[in-house]
Amino acid sequence: MRQIVQEATTAGVAARERTTKRLLKTAKEKGWNQEDICGWVWLTLDPKLLKHIHKLNISNVSTSYNTRAIVDEFKLYLKDVEDYQRMSASVDGIEAAAVVLKKRGINSRVGSMAD
């Protein structure tokens, strides 16, 4: 599972960086002082899988899993993919990570929230 998460993270970072580069270029060309919005992105996973990933304690990966409370959302955060200052780029990155998971037979749902 560590390898799968790493593959997803690598694909997500590459996609985020491509989008960031494109957004920065567009902002410069149009004279914008900000090229994106702020916010968070995540993948929603099966609760049992999320618990398993949580127990692996992978660096730069966090979850909404909580051993002391009942949670309604089962979110996986890939911190290397996420860039709070560039939510659109982060969404592209998390979608690329979801594609990698799908290829490995893991269903996920992309989520995001603007700030």
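Everything in this summary refers to the structure shown in the same document. (Residues numbered from 1 in each chain as written. Predicted model: local features only at pLDDT ≥ 70, side-chain atom pairs only at ≥ 80, totals over all residues. Heavy atoms only, no water.)

**Notes on the pattern of salt bridges**
- Across all of its chains, the model carries four salt bridges by this definition.
- Close ionic contact of Glu-7 with Arg-104 constitutes a salt bridge, the shortest N to O distance being 2.5 Å. Here the residue Glu-7 occupies a position in helix α1 (residues 2–30), and Arg-104 occupies one in the loop between α3 (87–103) and β4 (109–114), the gap between them amounting to 97 residues.
- According to the relative accessible area criterion, Glu-7 is partly exposed, its value standing at 28%.
- Judged by relative accessible area, Arg-104 falls into the partly exposed class, the value being 39%.
- With a closest N to O distance of 3.6 Å, Arg-86 and Asp-83 form a salt bridge. (Salt bridge = Lys/Arg side-chain N within 4 Å of Asp/Glu carboxyl O. Helix = DSSP H or I, 4+ residues; strand = E, 2+ residues; numbered from the N terminus. Buried < 20%, exposed > 50% of the residue type's maximum accessible area, 1.4 Å probe, protein only.)

**Quick look at the packing of α1 against α3**
- Running from N to C, α1 and α3 point in directions that differ by 150°, and their axes come no closer than 7 Å. One finds that α1 runs roughly antiparallel with respect to α3. Taken as a pair, α1 and α3 cross one another with a handedness that is right-handed. For the pair α1 and α3, contact is made by Ile-4, Glu-7, Ala-8, Ala-11, Gly-12, Ala-15, Arg-16, Thr-19, Thr-20, Arg-22 and Leu-23 and by Ser-88, Ala-89, Ser-90, Asp-92, Gly-93, Ala-96, Ala-97, Val-100 and Leu-101, respectively. (Axes fitted to C-alpha atoms, helices over the stretch in contact; angles between N-to-C directions. Parallel < 35°, antiparallel > 145°, perpendicular 65-115°, else oblique. Left-handed = near helix turned anticlockwise from the far one by under 90°. Contact = heavy atoms within 4.5 Å.)

**Re the nonpolar core**
- Of all hydrophobic cores here, the largest spans 24 residues; its most connected members are Leu-43, Leu-45, Ile-53, Val-61, Leu-76, Leu-78 and Leu-101.
- Taken together, the elements giving at least two residues each to this core come down to α1, β1 (39–44), α2 (47–56), β3 (75–78) and α3.
- For this core, the element with the highest residue contribution is α3, accounting for seven residues.
- Beyond its immediate chain neighbours, meaning those up to four positions away, Ile-53 contacts Met-1, Val-5, Leu-45, Ile-58, Val-61, Thr-63 and Leu-76. (Core = buried A, V, L, I, M, F, W, Y, C linked by side-chain atoms within 4.5 Å.)

**Here we look at the sheet that holds β4**
- One open sheet holds the four strands; their spatial order is β2-β3-β1-β4, and the pairing between them is antiparallel. Two strands lie at the open edges of the sheet, namely β2 (61–63) and β4, each paired on one side alone. Ignoring which end each strand starts from, the neighbouring axes of this sheet average 30° apart.
- Packing of α3 onto the sheet brings it into contact with β1, β3 and β4, and relative to β1 it is tilted by some 10°. (Pairing = 2+ DSSP bridges.)

**A few points about the environment of Lys-21**
- Following the sequence through the fold, Lys-21 ends up in helix α1.
- Taking the relative accessible area as the measure of exposure, Lys-21 reaches 65% and is therefore exposed.

**Things to note about the environment of Val-5**
- Along the chain, Val-5 falls in helix α1.
- Spatially, the C-alpha atom of Val-5 lies 22 Å from that of Met-113, the residues being 108 residues apart in sequence.
- Not counting residues within four places of it along the chain, the set of residues in contact with Val-5 comprises Ile-53, Ile-58, Val-61 and Leu-78.

**Points about unusual backbone geometry**
- Unusually for a residue other than glycine, Asn-57 sits at a positive phi of about 55°.
- Relative to the elements of secondary structure, Asn-57 occurs in the loop between α2 and β2.
- Residue Asn-57 is classed as exposed on the basis of its relative accessible area, which comes to 65%.
- In this model, Asn-60 sits at a positive phi of 65°, which is unusual for a non-glycine residue.
- With respect to the secondary-structure elements, Asn-60 resides in the loop between α2 and β2.

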